[in-house]
Amino acid sequence: MANKMSLLVPKTTKPRYSSLCSDDELLDDETHCYQSVSVQRGSWCDDFGSISGSQNSIYLPYTGHVSASLPREELDSTSVPVIKMGWLDKNPPQGSLIYQRRWVKLDAEYLRYFDTEKDVYSKRIIPTVSITGVVNVGDQKFEVVTHNRTFLFRAESDLDRNEWVAVLKSCVGVSRARTSLDLTFNPCVNYEMKGYLEMRGLRSKLYTVVCADKVYLYKNTEDYRLGIGITSIDMNVGNVKEMDRRGFDLTTPYRIFSFVADTDQLKDQWVEAMRDSIKEALSNYEVAERIWAEPSNQMCADCSAAKPEWAAINLAVVFCKRCAGEHRGLGPSVSKVRSLKMDKKVWTEDLIQLFLAVGNERANQFWAANVPPSEELTLNSSSDERRRFITAKYREGKYRRYHTLFGNQRELNNALCINVQSSDVCETLALVFCGADVSCDTGDPELTSPIALAQHHSQTLQVEFLTQNRHTEIPRSEVKVPIDTVHYMAPPSITHNGFLFKTGSMARPITEKKGKEEFSRRWCVLNDGNFSYYESDKNATPNGGLKMKEIVCLAVNPPETHGYDHTFELYSDSERLYLFGTDNPDAMREWVKSIAKSFIPSGAEHLLLKDFERIGRLRYKDRLNREMSRLGWFCLVGSGLHIRLEEDNSDETIDLQKLQELSIQPENEVLVLVERGRTLYIEGERKLDFQGWAAAIQRNAGSSGDTLSQQQLMDSDIPVIVDRCIQFITQYGLTSEGIYRKSGVNSKIAALLEELRRDARCVWLKEGEHQVDDVSNVLKRFFRDIAEGLFGAEAHAWLSATGVSDESSRICQYRLLFSDLPRVNQATLRALVNHLYCVQRFADLNQMNLHNLAIVFGPTLFQTDGKDYSAGRVIEDLIQHYVTIFHVNEQQLKKQLDEITYIIKLRDNLTPKAGTGSGDFICTVYLEEKKETAEQHVKIPAAMTSAELTFEILDRRKLSVREKDYWCCFEVNEKEETERPLHYQERVLPIFHSLGTDSHLLVKKHFSMEAMLVYLASKVEVSKHGMMKFREERSLLGLGLSSGSFNDRYFILTSTSLRLYKEVRNLQKLQRPELQCSNRPEREWPVKCLKVYLGIKKKLRPPTCWGLTVVYESEKQEKQERQQWYLCCDTQTDMREWFATFMSIQNGGRVWPAEWLKSRSTSRSAPLDARFGNVSLIPLRGSENEMRNSVAAFTADPLALFRNV
Ligand SMILES: [Zn+2]
């Protein structure tokens, strides 16, 4: 863990603020600011050069061949659809004549322009409502007129200009009509906070407005008044971080806005306002906005409050939060209450359409046809008034418009059956709520219910309405229900009181033991969502307290952590920690239960049933939600982390002991949990409770005790320690004489076991670093020490089973005992015996036959002194009858043994080869780039091909692969500055073993592949000849060629050989094939003995950058000969063609699999967890920005141009 903790993410040193308002924005204004602006401009110049680099740091440099399908639209899901966009020239700032090229974008709300089409933040944002005119001014130019300013644009053609003018005019017309009642031009009427803020790097302050889910930046108040801003920032991707005293950063995936407030207090207010804005942005308005498209739905159906966010999906009415509480009280058989914002899944297209077709107005024409003014609700009505009114309205139907057929059931049913065939849902509503039976008999043998009738007539809204009301209770005024009897209780408000001992609240985690003297006795009262503490139960004024909704976490300390036996901690969202204690366990339990109940929402209530040590809310990201974090309710119980995910109302449990990876990014405080098939990022929204969570999760992810099941476990339920050791021995120890019998170095064994026990997940055993005898003894010692032993409580039964003389009944006995073992013991025993079976199969190499192993492992596993052989006997039996006892698939076993044989052979061949880490069993492969955050540890079986490895890596990162993505595994040699794409069928293991310390394997896209394939497809015969510059590093043939410089040579590459000709004068002959044979080449190499790498070491000063490094290794075993030389081409194309030709010849024309994507499914060894089949492009570690970078980077390769072959 330590090394991961220390992983620091490289910081961007470039300033990121400079490009926001470039000179033109400051220049194109009134002359009076001209002077100051030119000064500013001077001071910006340094930064200016980095603008495109910094702003585009996430998006791609414009390379000309990257497609325009940038991820922005996808990220920016809340955006209003773009009506038109394109490049336009904008009139120059005053005093200049040069037009500025701008990317201009128009949607219904704004006209914006940007530096480039990739920018997310505009240089100028003009609300369409503030545009007073659009004027065609000739020469492809047009003007956009606003109250205080005119923007002149020039299109590329008159046609384009006319289009712009037309769409702008229509847009302006629409928005003016829409806001005719609202005379303001400014979108931020209901701002949360506004004022001047300094932005680091800018001289003048910006007028900043936090409004709903956006932050707007204006040059000054005047611009703000007119609504003409610089840019708007969507807060759904924002994150606010407090920096130094007055400074704070608003971080988005695209840039960081560093603000400085005027005072500390103001900073706090700004930070709070922006955080609220983020919260608002995160809640989903999509459904609400669609529902509100019907004007009457913009007011509560019951009390007229604005922007109601709740609805009864069966009654087809929309209402406010306060009324929703009362609707809920009616019970779902009367009112099915759902949130427009939170219950996203409920809102099918049909349901939304139903709400648009009915709407509050028409619904009220029925429900509220006869409301006496005295009973009408107002915004200020009390809950009692609301309850009374809403009960009368919907449960009793007191105010409804009675249908003419009311009371005549048969007629009502009949009318319903007829009406559902039409589109008049309002009539259906009236019929149903006046008593028509939704499931009445239609008399039609085919279409037996009104729903079937409606379906038959394709009346989808009727179907929707009827379906929602299948179980609705019809209003019945005759049966008076006492108003106070509530059918469906909303969670009662929790009340609890009693004495607790309390310390002062703290702003940092408690690290030391708090003695009793630090606590004071307080009378504590939990009531109505408030927790207050008083000097005594006689006092009326509390000493202090906190609102339940401010509580973000409740942690229960282990007994005796502090002076009082039982203590718990409360964390508030204002980063305060409150410690309470009591000696009474019952009181403790009551308090914890009551407090948790009062701040955990009802949706997550089931978490309260658990015996948690920590519960609270955290923001997290995962799967597809990589730019927007969500709220989840987390509950930690031992190694189980239970999560109520807000996003889909689903529950998950993560077994922390089975995590593949757990790390903290200290810099931005994200806890990364990698589980098989998914990665969860828990964010440190607040420092204090996050620290507590991180520590607790880390603690519980380690081994929690001394028994087998308390260890960190693999997916297969084997302790990670056991797996690590077995893997290592399999790789390096099977040929080691006396393995498991020889003793290692005691101190090393103890240290390694200790390290593994601390956090086995982070320990990778490596050849060279670790000795087989040490590792084998670690495994033995682990089993000897494990509490309860591998065979558990029934160990004696195993031992006595050896007394059964009949072999087959003895085996039966073992099988029976095995099936009684706990899950983890079963898995571990099976894995261990499998391993020992393999060890003894190679007894001719390691001298450890069945009996020898049994002598060693019997007493070890049974934790006996070894005087009695029955323990050894059990082990001997288990190994000998391994296949039968454990129901082993013999084919798999054979495969496994073959693999081991191969490894042994391979290692035998490689023994003379030195080099640390070169023979690592767990191979490190990088994705895209060699850096720690991109590293993957892959177990490479002998048969694994390059394509399989590539897919393995891509699968792990859940990268989706498109047909034209030529993902490929490269052998990269850093010292030689070369790389070689492995052929897709090439076996990886031999390559891996041949890699020196300067080399590594890297999976990335092969950008030249497409061009190579096109080139090869155009060739009839695969051969190539032409000039290249040649340099030989050392010559074993002693031909005396110059080794100091590159010389022009003529080459011919045929299906069998590469020939070099020194004399250029023979060129003419050479180009005529019939003459070729008469020309002896100076040098000739068989193609199959050549390995061609891309690139040449710069130190050799190649004349062009299009170089190839070629390694020749002779086939003759007795005289191993290795040459290395260099070829340099004049153009990139030339080099690509040479390389393609080599590849094609060496692989019989198969350069790329014909069915690349299909080959994937067959190559994949382990099926992916289908639930997580989606893309998650985020690397395992790295800062948030890095994560985001990589998201962008995977969408298209930013360095494609430079990386190209
Ligand atoms: Zn209301």
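Above this text you will find the structure in question.
Okay, so let's go over this structure. (Residues numbered from 1 in each chain as written. Predicted model: local features only at pLDDT ≥ 70, side-chain atom pairs only at ≥ 80, totals over all residues. Heavy atoms only, no water.)

Some details on the packing of helix H15 (residues 425–432) against helix H17 (residues 460–468)
Line of reasoning, step 1. Contact pair H15 / H17: the axes reach a minimum separation of 10 Å and the direction vectors enclose 25 degrees. Taken together, the axes of H15 and H17 lie roughly parallel to each other. Considering the relative orientation of H15 and H17, their crossing is right-handed. Of H17, the residues touching H15 (which contributes Val 425, Thr 428, Leu 429 and Val 432) are Leu 461, Gln 462, Phe 465 and Leu 466.
Line of reasoning, step 2. When grouped by side-chain class, the residues that make up the contact of H15 with H17 number 6 nonpolar, 2 polar and no charged. (Axes fitted to C-alpha atoms, helices over the stretch in contact; angles between N-to-C directions. Helix = DSSP H or I, 4+ residues; strand = E, 2+ residues; numbered from the N terminus. Parallel < 35°, antiparallel > 145°, perpendicular 65-115°, else oblique. Left-handed = near helix turned anticlockwise from the far one by under 90°. Contact = heavy atoms within 4.5 Å. Nonpolar A, V, L, I, M, F, W, Y, C, P; charged D, E, K, R; others polar.)

Notes on the packing of aromatic side chains
Line of reasoning, step 1. Scanning the entire structure with this criterion turns up 43 aromatic pairs.
Line of reasoning, step 2. Judged by centre distance (4.6 Å) and plane angle (50 degrees), the ring pair of Trp 367 and Phe 433 falls under tilted. Linking Trp 367 in helix H12 (residues 359–367) with Phe 433 in the loop between H15 and helix H16 (450–456), this pair joins segments that are 66 residues apart in sequence. There is no split in this pair, since Trp 367 and Phe 433 are both buried.
Line of reasoning, step 3. Aromatic ring contacts, followed pair by pair, group Tyr 121, Phe 248, Tyr 254, Phe 257 and Phe 259 into a single cluster. (Phe/Tyr/Trp six-rings, centres within 6.5 Å; stacked < 30°, edge-to-face > 60°. Buried < 20%, exposed > 50% of the residue type's maximum accessible area, 1.4 Å probe, protein only.)

Side note on the pattern of salt bridges
Proximity of charged atoms lets side chains of opposite charge pair with each other.
Line of reasoning, step 1. For the structure on display, the rule yields 52 salt bridges.
Line of reasoning, step 2. Close ionic contact of Asp 160 with Lys 84 constitutes a salt bridge, the shortest N to O distance being 3.4 Å. One end of the pair, Asp 160, is in helix H6 (residues 158–178); the other, Lys 84, is in strand S1 (residues 82–90), with 76 residues separating them in the sequence. Residues Asp 160 and Lys 84 agree in their burial class; the two are buried.
Line of reasoning, step 3. Here Arg 589 and Asp 586 are joined by a salt bridge, their closest N and O atoms 2.5 Å apart. Pair noted here: Arg 589 and Asp 586 are both in helix H18 (residues 585–599), with a separation of 3 residues, about one helical turn.
Line of reasoning, step 4. Among the charged side chains, a network of salt bridges with common partners joins Lys 84, Asp 160 and Glu 163. (Salt bridge = Lys/Arg side-chain N within 4 Å of Asp/Glu carboxyl O.)

Some remarks on the nonpolar core
Line of reasoning, step 1. Formed by 71 residues in total, the largest nonpolar core has its most connected members in Tyr 740, Phe 791, Trp 798, Leu 829 and Leu 878.
Line of reasoning, step 2. In terms of residue count, helix H25 (residues 823–841) provides more of this core than any other element does, 10 residues in total.
Line of reasoning, step 3. When neighbours within four sequence positions are excluded, Leu 829 is seen to be in contact with Leu 790, Phe 791, Trp 798, Phe 818, Leu 821, Leu 878 and Phe 886.
Line of reasoning, step 4. Listed in part, the 63 residues of the second largest apolar core include Trp 310, Tyr 394, Ala 430 and Leu 466. (Core = buried A, V, L, I, M, F, W, Y, C linked by side-chain atoms within 4.5 Å.)

Overview of H12
Line of reasoning, step 1. Listing the buried residues of H12 in full gives Gly 359, Asn 360, Ala 363, Asn 364, Phe 366 and Trp 367. Taken around the axis of H12, the buried residues stretch over an arc of 155 degrees, which confines them to a single face. (Arc of directions from axis to C-beta.)

Some points on the environment of Ser 130
Line of reasoning, step 1. With respect to the element layout, Ser 130 can be found in the loop between strand S4 (124–127) and strand S5 (131–136).
Line of reasoning, step 2. Under the relative-accessibility criterion, Ser 130 is labelled buried at 2%.
Line of reasoning, step 3. Put simply, Ser 130 and Asn 148 are 18 residues apart on the chain and 9.8 Å apart in space, counted from C-alpha to C-alpha.
Line of reasoning, step 4. At 2.8 Å, the side chain of Ser 130 forms a polar contact with the backbone oxygen of Pro 127. (Polar contact = N/O pair within 3.5 Å; in protein donor to acceptor, adjacent residues only side chain to side chain.)

Points about the coordination of the zinc ion
Line of reasoning, step 1. For the zinc ion, the protein coordination sphere consists of Cys 300 (SG), Cys 303 (SG), Cys 320 (SG) and Cys 323 (SG), at 2.2 to 2.3 Å.
Line of reasoning, step 2. Between the 4 donor atoms coordinating the zinc ion, the angles at the centre fall across 101 to 118 degrees, so the site counts as tetrahedral.
Line of reasoning, step 3. Along the chain, the residues donating to the zinc ion fall in the pattern C-x2-C-x16-C-x2-C. Placement of the pair is Cys 303 in the loop between helix H9 (286–292) and strand S15 (310–312) and Cys 323 in helix H10 (residues 321–330), with a sequence separation of 20 residues. (Donors = N, O, S within 2.8 Å, 3.2 Å for Na, K, Ca; no water. Tetrahedral: all angles 85-135°; square planar, octahedral: opposite > 155°, others 65-115°.)

Digging into the pairing of strand S6 (residues 141–146)
Line of reasoning, step 1. Inspection of the sheet shows S5 paired to S6 by 5 bridges, in the antiparallel sense. Note that in S6 the partner of Val 134 across the bridge is Val 144.
Line of reasoning, step 2. Between S5 and the antiparallel strand that follows it, S6, lie 4 residues; Gly 138 among them carries a positive phi value of about 80 degrees.
Line of reasoning, step 3. In this structure, S6 lies alongside strand S7 (residues 150–154), joined through 5 bridges in antiparallel fashion. Residue pairing for S7: Val 144 is matched across the bridge by Phe 151. (Pairing = 2+ DSSP bridges.)

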